[in-house]
Amino acid sequence: MDFKELRQRLADEAAAQKICKEWHRRITQATTREELLRLFIDGLDFVSANSYPSAELRAEFADIAPHFGVYITGKHTAPHTRRVITCLDADVAALYSDFDVAEVYAFDNSQVSIVAEGYAKIFVTAYDNATVKASADGHAKVTFKTFGAKVSAHKFSEQAVLKLIDAEV
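Model, not experiment: these values are computed from the prediction.

Colleague: Can you explain the environment of leucine 88? Please cite residues and give values.
Modeller: With respect to the helices and strands, the residue leucine 88 is situated in the loop between β3 (83–86) and β4 (91–96). Note on leucine 88: relative accessible area 17%, which makes it buried. In this structure the C-alpha to C-alpha distance between leucine 88 and serine 54, which are 34 residues apart in sequence, comes to 9.9 Å. When residues no more than four places from it in sequence are discounted, the contact partners of leucine 88 are Ala55, Arg58, Ala59, Ile72, Thr73, Phe107, Asp108, Asn109 and Ser110.

Colleague: So, the nonpolar core: which residues are in play, and what are the values?
Modeller: One recurring pattern in soluble globular proteins: nonpolar side chains tend to sit buried together. Ile27, Phe40 and Ile85 are the most contacted members of the largest nonpolar core, which has 28 residues in total. If you list the elements that add at least two residues to this core, you get α1 (3–16), α3 (33–42) and α4 (44–50). When residues in this core are grouped by element, the largest group, five residues, is from α3. Val84, Tyr96, Val142 and Phe144 belong to the second largest nonpolar core, which has 26 residues in total.

Colleague: Describe in detail the layout of surface pockets, supporting the description with residues and values.
Modeller: Quantified by volume, the largest pocket comes out at close to 190 Å³. Along its surface, the largest pocket is lined by 16 residues, and Trp23, Ile27, Leu39, Phe40 and Tyr52 are the ones closest to its centre. With four residues, α3 is the largest single contributor of residues to the lining of the largest pocket. In terms of residue class, the lining of the largest pocket is made up of 14 nonpolar, one polar and one charged.

Definitions and cut-offs
Residues numbered from 1 in each chain as written. Predicted model: local features only at pLDDT ≥ 70, side-chain atom pairs only at ≥ 80, totals over all residues. Heavy atoms only, no water. Helix = DSSP H or I, 4+ residues; strand = E, 2+ residues; numbered from the N terminus. Buried < 20%, exposed > 50% of the residue type's maximum accessible area, 1.4 Å probe, protein only. Contact = heavy atoms within 4.5 Å. Core = buried A, V, L, I, M, F, W, Y, C linked by side-chain atoms within 4.5 Å. 1 Å grid on protein atoms, 1.4 Å probe; cavity = no way out; pocket = protein on both sides within 12 Å on 5 of 7 lines; lining within 4 Å. Points joined across faces, edges and corners; volume = space filled by probe spheres on them. Nonpolar A, V, L, I, M, F, W, Y, C, P; charged D, E, K, R; others polar.

Below you can see the structure in the form of structure tokens.
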């Protein structure tokens, strides 16, 4: 799909979901696919509340998304990535150690495996049918907030912390 069509379809979907005027303007005035992807990342609250954009439009970014920490399809490894966002059927291994601090967002039917060691602090928000598996060792801390996702976690030391906040409403 060419850029102008992609931008218009994103704007139309956003308008149908009642996005505010400022963000609609940002979408319609974007000049690159990278800029549109940045709007997706910065607008995760809208994305999660509205299942935006559609799977078809998300797939349009699969080639450039990993450079931004966004994984849409396929298997990936994301070592020490500060923000990991998984969508559709992505399968991502996220690895953290030392004093890493990171956010992980899991959407759709994606799968994320998190390994946290040392003093790493990882904050996970998981939606829909996403599956998150995490292990913590050392003094690592992994906090999960879930909205219908499947979570399994294991700690390998007494000092490691795993915290689950069930946010299902």
